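In case you want the letters, here they are:
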Amino acid sequence: MENESGQTPRKNSNVIYFLIVVVLALLGTDVYLYLQKNKSDTKIVYQDDERNRLKIELDSLEAQIEQVNTGKAKMSTEMRAKNDSLQAKIKVLRTELAKGKLTAAELGKAQEDVKQLRYFVTKYTADIEELKKQNTTLTTERDTLKTNLATVTDKATDLQKKNQDLDTKVKVAQALKMGAINIVAYKVKGSGKEVEVTRASPAKKIKINFTVAENSLADKALHDVYVRVIDPTGNLVTSPTDAGNFTADGQDLQYTYKTSIDFKDDGTTYTIDWVSPVTPNPFQKGTYTVILYSDGSTMGKGGFSLK
């Protein structure tokens, strides 16, 4: 009986020790599970925060691309391709980040992709800014060239005008000018002899005697001379067989008679015979005016009167 009583306390002690160990094990398991849960929750929170951060960075990168593209000049094919590639990459990353929970590997890949994207956007931004700078330089150079071209054009126009003015002055200086003139009316006898007259009724023709002023610039050659005879009533006398038009002093004129002289700049006196085509009375009483033209300008004029 004594032995049985002694063993009972020992058995009870063993049970107590066992229960303590079990309780401690359970407590350890609860602590482990609690720590693991906290660690898992922390990991999930970290992944969510990192995903949101990456989304915000994508928004920033996309805004950066849009900003550098605002008001951009015409881009090259290569630049447009880069822009499209970056936009497509951002779209893919947004799709990836929009998924539910990301694994550690997926999150790491997203982080690396955003990092590379940041590099490409930075380089793209620098390329666009350089392109804008080049376009600004080209625009400035173009405007400078336009200004220079306009200046050169103005100078060329001015020079052309000066040359035209000089050419006009040279032509004017080269034109023959009358020195002295004397006009006499004649009648023609049956024998063919010419007799000077002062009355209108017998007059049949006139002789225009004139000299040409000295002119070293004028061509020593044949020069056309146009004669205009104005009768006492102010009308131009013309012939149906010997009349036409010419230009002088910027006007289109009709002539009475046309001939030519051989100018040698030696003071020669020239004579032009003109027979009136008017019938039956070639001349009328009054004063006639005779104007000579050559080289596109007026040589001079004279007159005569008949009673």
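Quick note: structure is the one above.
Residues numbered from 1 in each chain as written. Predicted model: local features only at pLDDT ≥ 70, side-chain atom pairs only at ≥ 80, totals over all residues. Heavy atoms only, no water.

> Would you take a moment to explain the pattern of salt bridges for this structure?
Proximity of charged atoms lets side chains of opposite charge pair with each other. Scanning all chains against the criterion turns up 6 salt bridges. Its salt-bridge partner being K205, residue E194 comes within 2.6 Å of it at the nearest N-O pair. Here E194, found in strand β2 (residues 194-197), pairs with K205, found in strand β3 (residues 205-212); they are 11 residues apart in sequence, far enough to count as distant. Assessed through its relative accessible area of 32%, E194 is described here as partly exposed. The exposure class of K205 is buried, given its relative accessible area of 8%. With its nearest N and O atoms 3.3 Å apart, the salt bridge here joins K207 to E194. Here K207 is found in strand β3, whereas its partner E194 is found in strand β2, with 13 residues between them in sequence. Note on K207: relative accessible area 15%, which makes it buried. (Salt bridge = Lys/Arg side-chain N within 4 Å of Asp/Glu carboxyl O. Helix = DSSP H or I, 4+ residues; strand = E, 2+ residues; numbered from the N terminus. Buried < 20%, exposed > 50% of the residue type's maximum accessible area, 1.4 Å probe, protein only.)

> I keep staring at the sheet that holds strand β10 (residues 297-306) and nothing clicks. Help me out?
In sheet architecture, strand pairing relies on hydrogen bonds along the backbone and comes in two forms, parallel and antiparallel. The strand order across the open sheet built from 4 strands is β7-β4-β9-β10, with neighbouring strands paired in antiparallel fashion. Since the sheet does not close on itself, it has two edges, and those belong to β7 (257-262) and β10, each with one partner. Strand after strand, the sheet turns through a mean of 25 degrees between neighbouring axes, direction not considered. With 5 bridges joining them, strand β4 (residues 222-230) and strand β9 (residues 286-294) adopt antiparallel strand pairing. Bridge pairing links V229 to V290 in β9. (Pairing = 2+ DSSP bridges. Axes fitted to C-alpha atoms, helices over the stretch in contact; angles between N-to-C directions.)

> I keep staring at the layout of surface pockets and nothing clicks. Help me out?
Empty space left among the atoms is revealed by rolling a probe the size of a water molecule over them. Each pocket or cavity is described by its volume, and for the largest pocket that value is around 200 Å³. Together, K82, S85, L86, K89, D113, Q116, L117, F120, K123, Y124 and D127 line the largest pocket. Looking at the lining of the largest pocket, the elements that each hand over two or more residues are α2 (77-97) and α3 (104-174). (1 Å grid on protein atoms, 1.4 Å probe; cavity = no way out; pocket = protein on both sides within 12 Å on 5 of 7 lines; lining within 4 Å. Points joined across faces, edges and corners; volume = space filled by probe spheres on them.)

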